[in-house]
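# An overview of the molecular structure
Residues per chain, in single letters:
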Amino acid sequence: MTEIIVVTSGKGGVGKTTTSASIAVGLAKRGKKVAVIDFDVGLRNLDLIMGCERRVVYDFVNVIHGECTLKQALIKDKRIETLHVLAASQTRDKDALTKEGVEKVLEDLKQDGFDFVVCDSPAGIEKGAYLAMYFADRAVVVVNPEVSSVRDSDRILGLLSSKTRRAELGAAPVEQHLLLTRYNPQRVADGDMMSLDDVKEILGIEVLGVIPESEGVLTASNSGVPVILDDESNAGRAYEDAVARLCGEQRPMRFLEAPKKGLLARMFGG
Amino acid sequence: MGIFDFLRARQKSTANIARERLRIIVAQERSQRGAPDYLPLLRRELLEVIRKYVNVDQDAIDIHVEKDGEHDVLELSVALPERAAGAQLRAEG
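Fair warning: this is a prediction, and the values are worked out from it, not measured in the lab.

The rules we used
Residues numbered from 1 in each chain as written. Chains lettered and ligands numbered in written order. Predicted model: local features only at pLDDT ≥ 70, side-chain atom pairs only at ≥ 80, totals over all residues. Heavy atoms only, no water. Phe/Tyr/Trp six-rings, centres within 6.5 Å; stacked < 30°, edge-to-face > 60°. Helix = DSSP H or I, 4+ residues; strand = E, 2+ residues; numbered from the N terminus. Buried < 20%, exposed > 50% of the residue type's maximum accessible area, 1.4 Å probe, protein only. Lys NZ or Arg CZ within 6 Å of the ring centre and 35° of its normal. 1 Å grid on protein atoms, 1.4 Å probe; cavity = no way out; pocket = protein on both sides within 12 Å on 5 of 7 lines; lining within 4 Å. Points joined across faces, edges and corners; volume = space filled by probe spheres on them. Nonpolar A, V, L, I, M, F, W, Y, C, P; charged D, E, K, R; others polar. Salt bridge = Lys/Arg side-chain N within 4 Å of Asp/Glu carboxyl O.

## Examining the packing of aromatic side chains
All names here are of chain A. For the structure on display, the rule yields 3 aromatic pairs over all chains. For the pair Phe39 and Phe60, a centre-to-centre distance of 5.1 Å together with 80° between the ring planes defines the contact as edge-to-face. One end of the pair, Phe39, is in the loop between β2 (34-38) and α2 (46-50); the other, Phe60, is in helix α3 (residues 60-64), and 21 residues separate them in sequence. Neither Phe39 nor Phe60 differs from the other in exposure class; each is buried. Ring geometry for Tyr134 and Phe135: centres 4.9 Å apart, planes at 85°, overall edge-to-face. You'll find Tyr134 and Phe135 in the same group, each marked buried. An aromatic cluster is built from Tyr130, Tyr134 and Phe135, whose rings are joined through pairwise contacts. We note Lys99 situated over the ring of Tyr134; from NZ or CZ to the ring centre the distance is 3.9 Å.

In structure tokens, the structure reads:
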């Protein structure tokens, strides 16, 4: 049974690709056979975050157009054997992706015995984002505790419950999860950032995880190593927790409290 | 909280402002979700017709579709100006 997970958000720059890479790695580390697909046609980036940019020969659009086989286009990860990356095309042709083409690729991945397909959605609500979510069984909606991101993700939640295959067939709805990223507990404590509870209350869906704002995310992307593989960083550990929850484990939320201040810092309000 | 915090200007937490603004806009956008695409145009044309007879504001028309069992009910309410106080044109169908 293959499960299709879309990582989406509406707004750009909130951490979709970082999240897709880390979720795919986290699932593969658990022994699952995983493919992660970049749906951002024209703006390929997942390959950089995964650290396989120099090994891209064929891409998603080549497969859809029958210019190569799916097997040729899937890039095997060098760290985890069961992990595969399908890069986006750099073409400027917006209509390069078709619903039938995407369906065929997903069907072939099912036949190949993949356990999970992670679809990294582009920002916006155009065709690429629509196709990334259309066939999904579950959705991870990435949101920053910030007004425009929260509003856009509510829009995406609406689309997930109306513009997906599950919605059109009247099947069980796409399972929705919220992933709060770039969370800064200190700013929450200062009243300058909405809290986990605020966002949860506004959007009204279950929370898969909270990823603290962390230097580790930038250093990970600099070196092409998904941040979940950095167990020194809080963001990496929070992603590990989120993947465990995705697999049905119960784990308490971590990194929600600001680090305790010293006496001097407390006296002078540092 | 530092002992010199009272020197800073007291202000309402911006996180609370964000939450309240979002609560309102999200509720409003959800209420319009799933409504037929022709609603805005219908609203504009109805407004033009009504304006031939009564001088009403741009936002005097409230129009939405509600589910009532098997049927979809198009509910339209028009607030008439002060002069005709209390009068409300209401049509359902």
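More follows now that the structure is in view.
## Considerations on empty space enclosed by the protein
All names here are of chain A. Tallied over the entire structure, the rule returns 3 cavities of 30 Å³ or more. Taken together, Thr18, Ser22, Ile49, Val217, Ala220, Ser221, Val225, Pro226 and Val227 make up the full set of residues lining the largest cavity. At the level of elements, α1 (16-29) and α11 (215-223) are the ones that each hand at least two residues to the lining of the largest cavity. Here the lining of the largest cavity is built from residues that sort into 6 nonpolar, 3 polar and no charged.

## Brief notes about the pattern of salt bridges
Enumeration over the complete set of coordinates arrives at 22 salt bridges over all chains. Residue A:Lys104 is joined to A:Asp108 by a salt bridge in which the shortest nitrogen-to-oxygen separation is 3.0 Å. With a gap of 4 residues between them, A:Lys104 and A:Asp108 both fall in helix α5 (residues 99-111), about one helical turn apart. The shortest N-O distance in the salt bridge between B:Arg23 and A:Glu201 comes to 2.4 Å. In this pair, B:Arg23 is assigned in helix α1 (residues 14-32) and A:Glu201 in helix α10 (residues 196-203), connecting two distinct chains. On the basis of relative accessibility, which here comes to 32%, the residue B:Arg23 falls in the partly exposed class.

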